[in-house]
Amino acid sequence: MNINPRDVVAAWVEAFNRADADSLANYYSEDAANHQVAEGKVKGRDAIRRKFRQEFAAAEMTCIVENIFEDGEWAILEWKDPLGLRGCGFFHIKEGKICFQRGYWDKLTFLRQHGLPIPE
């Protein structure tokens, strides 16, 4: 069964909002890449799982969907969080799995809002 990209991203958001790194990782193909522009690229499902675990341990995050757009094998997520941060994510989905993700958001604002250390 092939799930459309919009539905994959909607389910991904639900897992993200539960801070469920294992469920999130299952939405990615084995060799997927997640490139958060403010952070750098993470390659492979296991590395992506580890990254989500680290992020959820560091800060409480909630993704509020503003829009999910779909174009062929791509879904675009426009989001905000309860603290006012906004961002956008692009998901390339094949056979119901995310094979590539790129996200854009303001890391400095995120760190300040969560009281996290700001790198030098």
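The coordinates are above.
The shown structure was predicted, so the numbers you read here are calculated from the model rather than taken from an experiment.

Asks: Hey, could you run me through the pattern of salt bridges in this one?
Replies: Opposite charge on two side chains makes pairing possible when the charged atoms of those side chains draw close. Applying the stated criterion to the full structure yields 9 salt bridges. The salt bridge involving Arg49 is made with Asp46; its shortest N-O contact spans 2.8 Å. With Arg49 and Asp46 both in helix 3 (residues 45-58), this residue pair falls 3 residues apart, about one helical turn. Owing to a relative accessible area of 16%, Arg49 belongs among the buried residues under this scheme. On the accessibility criterion, Asp46 (40% relative accessible area) is partly exposed. Each of Asp22, Asp46, Arg49 and Arg53 takes part in salt bridges that share partners, so that together they form one network.

Asks: Looking at this structure, how should I read the sheet that holds strand 5 (residues 86-94)?
Replies: Sheet strands pair via backbone hydrogen bonds, and the direction of the pair is either parallel or antiparallel. What the 6 strands build is an open sheet, ordered 2-1-6-5-4-3; its pairing is mixed. The sheet is open, and its two edges are formed by strand 2 (40-43) and strand 3 (64-71), each paired on a single side. Sheet twist, expressed as the mean angle between neighbouring strand axes with direction ignored, is 15°. With 7 bridges joining them, strand 3 and strand 4 (residues 74-80) adopt antiparallel strand pairing. Bridge pairing in strand 4 places Asn67 opposite Glu78. Where helix 1 (residues 5-17) meets the sheet, it contacts strand 1 (28-36), strand 3, strand 4, strand 5 and strand 6 (97-105), and its direction lies at approximately 35° from that of strand 4. With respect to the sheet, helix 3 is in contact with strand 1 and strand 2, its orientation differing from that of strand 1 by roughly 50°.

Asks: Can you walk me through unusual backbone geometry in this structure?
Replies: A negative phi angle characterises most non-glycine residues, just as the trans form characterises most peptide bonds. A positive phi is found at Ala19, a non-glycine position, where the angle reads about 55°. In this structure, Ala19 sits in the loop between helix 1 and helix 2 (21-26). Overall, Ala19 belongs to the partly exposed group, its relative accessible area being 42%. Located in the positive-phi region is Glu95, a residue other than glycine, with phi close to 55°. Residue position: Glu95 is located in the loop between strand 5 and strand 6. Judged by its relative accessible area of 72%, Glu95 is exposed.

Asks: Would you mind going over the packing of aromatic side chains with me for this structure?
Replies: The geometry of an aromatic ring pair is captured by the separation of the ring centres together with the interplanar angle, meaning the angle of the planes. Evaluation of the coordinates by the stated rule reveals 8 aromatic pairs. Ring geometry for Trp12 versus Phe91: centroids 5.2 Å apart, planes at 70°, classification edge-to-face. Of this pair, Trp12 sits in helix 1 while Phe91 sits in strand 5, and the two are 79 residues apart along the sequence. The class for Trp12 is buried, based on a relative accessible area of 6%. Judged by centre distance (5.4 Å) and plane angle (65°), the ring pair of Phe16 and Phe56 falls under edge-to-face. Here Phe16 is found in helix 1, whereas its partner Phe56 is found in helix 3, with 40 residues between them in sequence. Judged by its relative accessible area of 11%, Phe16 falls in the buried class. Here the aromatic residues Trp12, Phe16, Tyr28, Phe52, Phe56 and Phe91 are joined through ring pairs into a cluster of three or more.

What counts, and where the lines are drawn
- Residues numbered from 1 in each chain as written.
- Predicted model: local features only at pLDDT ≥ 70, side-chain atom pairs only at ≥ 80, totals over all residues.
- Heavy atoms only, no water.
- Salt bridge = Lys/Arg side-chain N within 4 Å of Asp/Glu carboxyl O.
- Helix = DSSP H or I, 4+ residues; strand = E, 2+ residues; numbered from the N terminus.
- Buried < 20%, exposed > 50% of the residue type's maximum accessible area, 1.4 Å probe, protein only.
- Pairing = 2+ DSSP bridges.
- Axes fitted to C-alpha atoms, helices over the stretch in contact; angles between N-to-C directions.
- Contact = heavy atoms within 4.5 Å.
- Phe/Tyr/Trp six-rings, centres within 6.5 Å; stacked < 30°, edge-to-face > 60°.

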